[in-house]
Amino acid sequence: MTYQSFVPTVRTLMGPGPSDVNPRILTAMARPTIGHLDPEFIRMMDEIKVMLQSAFQTQNQLTLPVSAPGSAGMEICFVNLMEPGDKVIVCQNGVFGGRMTENVRRLGGQAVIIEQAWGRAVDPDQLEATLRQHPDAKIVAFVHAETSTGVQSDAKALCAIAKAHDCLTIVDCVTSLGGTEVALDEWGADAAYSGTQKCLSCAPGLSPISMSQAAVDAIKARTVPVSSWFLDLNLVMGYWGEGQTRSYHHTAPVNALYGLHEALVVLHEEGLAASWQRHAYNHQALKAGLEAMGLTFFVPESERLPQLNLVTVPEGVDEASVRRQLLQQYNLEIGAGLGSLAGRVWRIGLMGFASNPKNVLFCVNALEAVLSQYNAPIHRGVATAAVQSAYKD
Ligand SMILES: *Cc1c(COP(=O)(O)O)cnc(C)c1O
């Protein structure tokens, strides 16, 4: 048996993540590996922390990338802030809220679930009413940008309600960071986590997190040790702490962190507000093209995520074979519906580096070509002009 190097086909990634990685980031990741306690590396770690604070719009000292994907960022928040028996309100409007509930249950907590319709934002009034019924709740958890449904919730309103009821908040910002506004200090959020492979357009595998002083105090006041050794923030803090006083905890994923550093440099060169505007702008052009074809969006306009578009599959079309054709013929990846939305929607990502006019036009045209091939009931030959005119406005 002989083995050969793995050389993947170049694809255009317009699904729910990973998104297209900026070549600058891939180049950064190919630079020589150095020791993770090397003074040069420690300087780079410090820059990552400062750039992450600015991306999250926070002064939180405890802001760092966890050496594992977004799911570990979720877990680190629950495992550190929760103790067995704690009551946690989980606002669930999609797949990722469901995973939060699973975290609460596995840690021996009491999950109180606010079940919301898929495709809709979390209702702040329902959170208020639930907190009145459960004055002993300790934590409120919700997903800012639900990637499974393409919906953004009002994080500022939800955090304010939680705070008024003396609850800590855990906020999933995996898909929002870099794509739409995340403002942890203004929101008063206590624990937030993100991922590198969505709107930061970095390779998957790291999870930036940030904890408020109230969250740090709660972690220090724990009576039961954190059940996970690897994710115990008391230990992680010793490694990601200030200056040269770092103690070995685990070997940092050195080259992956070069990539995150470069991704944050790219974000700061563009500017946060400019990045959000670009995501909104390209979303409008995609919308113009798809609607001209007669396709419809699943989420009410005011609750839509510009970086993740849920498009309803036309009657009689087998959504999986359309995606297969897009991949085989055009090297274009878009996402399928998850859970109860499987078979009913496509999820088209315009995240980070992938959010650009070239991809919008390419995706609209490729989708039109494949849907025409399947004789789907769409308007042909009008989408390109609609995209063009959206960019002219
Ligand atoms: C992608 C995603 C996650 C999980 O991140 P992984 O890096 O895949 O572990 C969590 N929450 C949301 C909202 C996501 O979109």
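A. Spatial organisation of the overall build of the protein. Tallying secondary structure elements over the protein gives 14 helices and 13 strands in all. A compact globule built from 393 residues would reach a C-alpha radius of gyration of about 21 Å, and the protein, at 21 Å, matches this within 12%. With respect to the three principal axes, the spread of C-alpha positions in the protein is 65 × 55 × 50 Å. By the burial criterion, 56% of the 393 residues in the protein qualify as buried. Long-range pairs, those at least 24 residues apart, make up 72% of the contacts in the protein with a sequence separation of at least 6. Within the structure as shown, the protein displays about 16200 Å² of accessible surface, and the carbon and sulfur contribution to it stands at 54%. Counting 28 positive and 37 negative side-chain charges, the protein places the averaged centre of each group 4 Å from the other.

B. Here's a closer look at the sheet that holds strand S8 (residues 168-172). The strand order S2-S10-S9-S8-S5-S3-S4 describes an open sheet built from seven strands, whose pairing is mixed. A single partner strand is all that each edge strand has here, and the edge strands are strand S2 (62-66) and strand S4 (110-115). With strand direction ignored, the average angle separating the axes of adjacent strands in the sheet is 15°. Direction of pairing for strand S5 (residues 139-143) relative to S8: parallel, over a ladder of five bridges. Among the inter-strand pairings, Ile139 is bridged to a residue of S8, identified as Leu168. In the packing of helix H5 (residues 124-133) onto the sheet, the strands contacted are strand S3 (87-92), S4 and S5, and the crossing angle to S4 comes to about 150°.

C. Summary view of the domain arrangement of the protein. In terms of domain boundaries, the protein breaks down into domain 1 (23-268) and domain 2 (272-392). Using only C-alpha atoms to locate each centre, domain 1 and domain 2 end up separated by 29 Å. Contact residues are listed per partner, giving 28 residues for domain 1 and 23 residues for domain 2. Both faces combined, the contact of domain 1 with domain 2 buries some 2000 Å², and carbon together with sulfur accounts for 64% of it. It is Trp118, Gly150 and Cys199 that lose the most area in domain 1 upon contact with domain 2, and together they represent 21% of the buried surface on that side. Counting across the domain 1 and domain 2 interface gives one salt bridge. Here Arg120 and Glu303 are joined by a salt bridge, their closest N and O atoms 2.8 Å apart. Every element with two or more residues in the side of domain 1 that touches domain 2 is listed here: helix H2 (39-56), strand S6 (145-146) and strand S7 (151-152). Residues of the side of domain 1 that touches domain 2, tallied by class, amount to ten nonpolar, 14 polar and four charged.

D. Geometry of the site of the ligand. The ligand sits among Pro69, Gly70, Ser71, Phe96, Val143, Ala145, Thr147, Asp172, Val174, Thr175, Gln197 and Lys198. Here Thr175 contributes a side-chain N or O atom positioned 3.1 Å from an oxygen atom of the ligand. Take Gln197: an N or O atom from its side chain is 2.8 Å from an oxygen atom of the ligand. Protein contact buries 88% of the 380 Å² of open area that the ligand shows by itself. When its residues are assigned to classes, the shell around the ligand shows five nonpolar, five polar and two charged.

E. Local environment of the environment of Val174. Locating Val174 in the fold gives a position in the loop between S8 and helix H7 (184-187). Residue contacts for Val174: discarding those within four places in its chain leaves Tyr193, Ser194, Gly195 and Lys198.

F. Just the sheet that holds strand S13 (residues 345-349), in detail. Spatial ordering of the open sheet is given by S1-S12-S13-S11, a layout of four strands whose pairing is mixed. The sheet is open, and its two borders are formed by strand S1 (12-14) and strand S11 (308-312), each paired with just one other strand. Pairwise comparison of adjacent strand axes, ignoring direction, gives a mean angle of 35° for this sheet.

G. Here's a closer look at the state of the cysteines. By the definition in use, this model includes zero disulfides. Between Cys202, a free cysteine, and Cys199, which holds the nearest cysteine sulfur, the sulfur-to-sulfur gap is 13 Å. Taking relative accessible area as the criterion, Cys202 reaches 1% and is therefore assigned buried. Cysteine Cys363 shares no disulfide, and the gap to the nearest cysteine sulfur, in Cys199, comes to 16 Å. Given a relative accessible area of 1%, Cys363 falls into the buried group.

H. Geometry of the packing of helix H11 (residues 272-292) against helix H14 (residues 383-392). The geometry of H11 relative to H14 is characterised by a closest axis approach of 7 Å and an angle of 150° between their N-to-C directions. Considering their axes alone, H11 and H14 lie roughly antiparallel with respect to each other. Considering how the two elements wind past one another, H11 and H14 form a crossing that is right-handed. Contact residues: Tyr281, Asn282, Gln284, Ala285, Ala288, Gly289 and Ala292 in H11; Ala383, Ala386, Val387, Ala390 and Tyr391 in H14. Partitioned by chemical class, the residues of the contact of H11 with H14 number nine nonpolar, three polar and no charged.

What counts and how
Residues numbered from 1 in each chain as written. Predicted model: local features only at pLDDT ≥ 70, side-chain atom pairs only at ≥ 80, totals over all residues. Heavy atoms only, no water. Helix = DSSP H or I, 4+ residues; strand = E, 2+ residues; numbered from the N terminus. Rg over C-alpha atoms; globule rule 2.2 N^0.38 Å. Buried < 20%, exposed > 50% of the residue type's maximum accessible area, 1.4 Å probe, protein only. Contact = heavy atoms within 4.5 Å. Areas by Shrake-Rupley, 256 points an atom, 1.4 Å probe, with all protein chains shown as cover. Lys, Arg positive; Asp, Glu negative; His and termini not counted. Charge placed at Lys NZ, Arg CZ, Asp CG, Glu CD. Pairing = 2+ DSSP bridges. Axes fitted to C-alpha atoms, helices over the stretch in contact; angles between N-to-C directions. Domains from an automatic or database assignment. Buried area = accessible area lost by both parts, 1.4 Å probe. Salt bridge = Lys/Arg side-chain N within 4 Å of Asp/Glu carboxyl O. Nonpolar A, V, L, I, M, F, W, Y, C, P; charged D, E, K, R; others polar. Near = heavy atom within 4 Å. Polar contact = N/O pair within 3.5 Å; in protein donor to acceptor, adjacent residues only side chain to side chain. Disulfide = S-S within 2.5 Å. Parallel < 35°, antiparallel > 145°, perpendicular 65-115°, else oblique. Left-handed = near helix turned anticlockwise from the far one by under 90°.

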